[in-house]
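Residue-level structural notes
In case you want the letters, here they are:
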Amino acid sequence: MAIKPVLRMGDSRLLEPSRLVKKFRTPELKELIADMRDTMTSLQGAGLAAPQIGINLQVVIFGVEANTRYPDAEAVPFTILINPKLTPIGDKIDEGWEGCLSVPGMRGLVPRFVNLRYQGFDERGKKIDRKVSNFHARVVQHECDHLAGILYPMRIRDMRNFGFTAELFPGEDIADD
């Protein structure tokens, strides 16, 4: 449909909690998802939340095959997740480098649950219930944080592990956001 501008950190709309989607199978929801997919794909993102394009609804999309921004990441199937609920499985937490289309050119070391159950709905209102681990779990947590008005720098434990990608990883071929 259309590539939308992505709001950047500092825009107060990114800090607002998102509203539940109440109607599925609507032309508006279909258009929103198409715009999100076009935007995410054009920017080589691993995921995108509706608030990042200025739409205050609980809709996230994510999926990774080969991605220059995350060259070592395992594949994550393309998913549309609406009105998500996340439940950690166990207490194991891992710190991993994250970037964000709303925080371009930067990376941070972010703690996330390693094992996760996520539930919600697809664009047709069909229930989704999955148990995932590692990068897949990290991506889901990152995108769903946007729905609560949380950007990944807010989760960084040590700000010495936050900076510009080119400075943190000099000489590495990691695409800039």
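Relevant structure appears above.
Residues numbered from 1 in each chain as written. Predicted model: local features only at pLDDT ≥ 70, side-chain atom pairs only at ≥ 80, totals over all residues. Heavy atoms only, no water.

The next subject is the sheet that holds strand β5 (residues 103–113). An order of β4-β5-β8 is seen for the three strands of this open sheet, with the pairing classed as antiparallel. On the outer flanks of this sheet lie β4 (93–100) and β8 (162–164), each paired with one strand and no other. Going from strand to strand, the sheet's axes swing by 20° on average, the running direction of each strand aside. Of the strand pairs in this sheet, β4 and β5 are connected by seven bridges, and their pairing is antiparallel. (Pairing = 2+ DSSP bridges. Helix = DSSP H or I, 4+ residues; strand = E, 2+ residues; numbered from the N terminus. Axes fitted to C-alpha atoms, helices over the stretch in contact; angles between N-to-C directions.)

To continue, consider the sheet that holds strand β1 (residues 47–49). As summarised here, the arrangement of the five strands in space is β1-β2-β3-β6-β7, forming an open sheet in which the pairing is antiparallel. Strand pairing shows two members of the sheet lacking a second neighbour, β1 and β7 (127–133), which therefore form its edges. Across the sheet, the mean angle from the axis of one strand to that of its neighbour is 40°, orientation sign disregarded. Here three bridges tie β1 to strand β2 (residues 59–64), and the two strands are oriented antiparallel to one another. Across the sheet, residue A49 finds its bridge partner in β2, namely V60. Contacts between helix α1 (residues 27–42) and the sheet are confined to β1, β2 and β3 (76–88), with β2 contributing the most and set at about 40° to the helix. Most of the contacts of helix α2 (residues 134–147) go to β3, to which it runs at about 65°, and overall it touches β1, β2, β3, β6 (115–121) and β7. (Contact = heavy atoms within 4.5 Å.)

Another point: the pairing of β2. Burial of β2 is extensive: six of the six residues sit out of reach of the surface. Of the two faces of β2, both are covered, the one formed by V59, I61 and G63 as well as the one formed by V60, F62 and V64. Pairing analysis gives five bridges linking β2 to β3, with the strands arranged antiparallel. When the sheet's bridge partners are listed, I61 is paired in β3 with I80. (Buried < 20%, exposed > 50% of the residue type's maximum accessible area, 1.4 Å probe, protein only.)

On their own, these measurements won't tell you what the molecule is for.
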